[in-house]
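So you can see what is in the structure, the chains are spelled out below.
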Amino acid sequence: MQKLHRKMIPVLAPALLLGLASAAHAMVPESIQVPAGHQVAWETVGVGEITYECRDKPDAPGELGWVFMGPDAVLNDRAGTEVGRYYGPPATWEAADGSRVTATQLAVAPAGEGNIPYQLVQANPAMGEGAMTGVTYIQRLDTRGGVAPATACGEANKGERQIVRYQADYIFWKAG
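Predicted, not measured: the structure shown is a model, and the values here were computed from it.

Engineer: Quick question: what am I supposed to make of the packing of aromatic side chains here?
Structural biologist: For any pair of aromatic rings, the description rests on two quantities: the centre-to-centre distance and the angle between the ring planes. Summed over all chains, the structure comprises 5 aromatic pairs. Ring geometry for tyrosine 86 and tyrosine 170: centres 5.1 Å apart, planes at 50 degrees, overall tilted. Remark: tyrosine 170 occurs in strand E8 (residues 161–175) and tyrosine 86 occurs in strand E3 (residues 82–87); sequence separation between them is 84 residues. The pair tyrosine 86 / tyrosine 170 is uniform in exposure class, with both members buried. Centroid distance tryptophan 93 to tyrosine 170: 6.3 Å. Interplanar angle 65 degrees. Geometry classified as edge-to-face. Of this pair, tryptophan 93 sits in strand E4 (residues 92–95) while tyrosine 170 sits in strand E8, and the two are 77 residues apart along the sequence. Exposure remark for tyrosine 170: the relative accessible area of 1% places this residue in the buried category.

Engineer: It is not clear to me how the pattern of salt bridges should be interpreted in this structure. Could you clarify?
Structural biologist: Note that side chains of opposite charge can pair when their charged atoms are close. On inspection of all chains with the given rule, the structure shows 8 salt bridges. Within the structure, one salt-bridge network assembled from shared partners comprises Glu43, Arg78 and Asp169.

Engineer: Just to check I follow, could you spell out the nonpolar core for this structure?
Structural biologist: Across soluble globular proteins, nonpolar side chains have a tendency to be buried as a group. Counting 25 residues, the largest nonpolar core has Trp93, Met132, Ile138, Tyr166, Tyr170 and Phe172 as the members making the most contacts within it. Listing elements by their share of this core, those giving two or more residues are strand E1 (38–57), strand E2 (60–76), E3, E4, strand E6 (118–123), strand E7 (135–145) and E8. Counting residues per element, this core draws most heavily on E8, which supplies 5 residues. Counting residues in each nonpolar core, the second largest holds 10 residues, with Ile32, Val34, Leu120 and Tyr137 among its members.

Engineer: What exactly am I supposed to notice about the environment of lysine 57 here?
Structural biologist: Within the secondary structure, lysine 57 is located in strand E1. The exposure class assigned to lysine 57 is partly exposed, which follows from its relative accessible area of 29%. Separated by 11 residues in sequence, lysine 57 and phenylalanine 68 place their C-alpha atoms 9.8 Å apart. Ignoring anything within four residues of it in the chain, the contact list for lysine 57 reads Glu63, Leu64, Gly65 and Val67.

Engineer: Explain the side chain of glutamine 119 here, please?
Structural biologist: Tracing the backbone through its elements, the reader meets glutamine 119 in strand E6. A relative accessible area of 9% places glutamine 119 in the buried class. There is a polar contact of 2.6 Å between the side chain of glutamine 119 and the side chain of glutamine 105. Aside from chain neighbours lying at most four places away, what touches glutamine 119 is Ile32, Gln105, Ala107, Val108, Ile138, Gln139 and Arg140.

Engineer: I tried to follow the environment of valine 47 on my own but got confused; where do I start?
Structural biologist: Secondary-structure assignment places valine 47 in strand E1. On the accessibility criterion, valine 47 (29% relative accessible area) is partly exposed. Once residues within four sequence positions are removed from consideration, valine 47 is found in contact with Ala73, Val74, Asn76, Arg165, Tyr166 and Gln167.

Engineer: Quick question: what am I supposed to make of the side chain of threonine 44 here?
Structural biologist: Relative to the helices and strands, threonine 44 resides in strand E1. Residue class for threonine 44 comes out buried when judged on its relative accessible area of 0%. Look past the residues within four positions of threonine 44 in its chain and what remains in contact with it is Leu75, Asn76, Val83, Ala168, Asp169, Tyr170 and Phe172.

Engineer: Mind showing me how you'd approach the sheet that holds E1 here?
Structural biologist: Adjacent strands of a sheet form backbone hydrogen bonds with each other and so pair up, either parallel or antiparallel. Taken in spatial order, the 8 strands of this closed barrel run E1-E2-E3-E4-E5-E6-E7-E8, and their pairing is antiparallel. Averaged over all adjacent pairs, the angle separating strand axes in this sheet is 30 degrees, with direction ignored. Bridge count between E7 and E8: 8 bridges; the pairing is antiparallel. Looking across to E8, one finds that valine 135 is bridged to lysine 174.

Here is what the cut-offs are and how they apply
Residues numbered from 1 in each chain as written. Predicted model: local features only at pLDDT ≥ 70, side-chain atom pairs only at ≥ 80, totals over all residues. Heavy atoms only, no water. Phe/Tyr/Trp six-rings, centres within 6.5 Å; stacked < 30°, edge-to-face > 60°. Helix = DSSP H or I, 4+ residues; strand = E, 2+ residues; numbered from the N terminus. Buried < 20%, exposed > 50% of the residue type's maximum accessible area, 1.4 Å probe, protein only. Salt bridge = Lys/Arg side-chain N within 4 Å of Asp/Glu carboxyl O. Core = buried A, V, L, I, M, F, W, Y, C linked by side-chain atoms within 4.5 Å. Contact = heavy atoms within 4.5 Å. Polar contact = N/O pair within 3.5 Å; in protein donor to acceptor, adjacent residues only side chain to side chain. Pairing = 2+ DSSP bridges. Axes fitted to C-alpha atoms, helices over the stretch in contact; angles between N-to-C directions.

See the structure below:
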């Protein structure tokens, strides 16, 4: 009987993983779900920092606030090996092979207090050939940290920059 179980494990394991992936996708807020017809091509964990600057808010002239200036993060695979970078502006995901994409934000969803929101972006055509070739969407999930500083932003510190640590999963999708 044990021999039968050992033979079934390789057959059942992919089904179980597929089931878990489907369950995880179902838990993603609807507003940031990837349209049908796409499949996960690459999963990374971004670890780095986001820079904010105390300046006039772009959408509220004359009002000061911490304004997002850009990210700088290392992209690691699930084993912890560096496989790329995420930086900006403009927001750019670059694989270790040199291929890279920029993207347009489609939607965000709350990720809990103290965490930057989940995000769905639609990728522009890749620059260079490699891992980013054919990427259609990128999801930012499981965010930790990264929100604007809690310190006051006013005339006294206008122009000051603050760096905030963060971590997030970046899931790359391709048409399938």
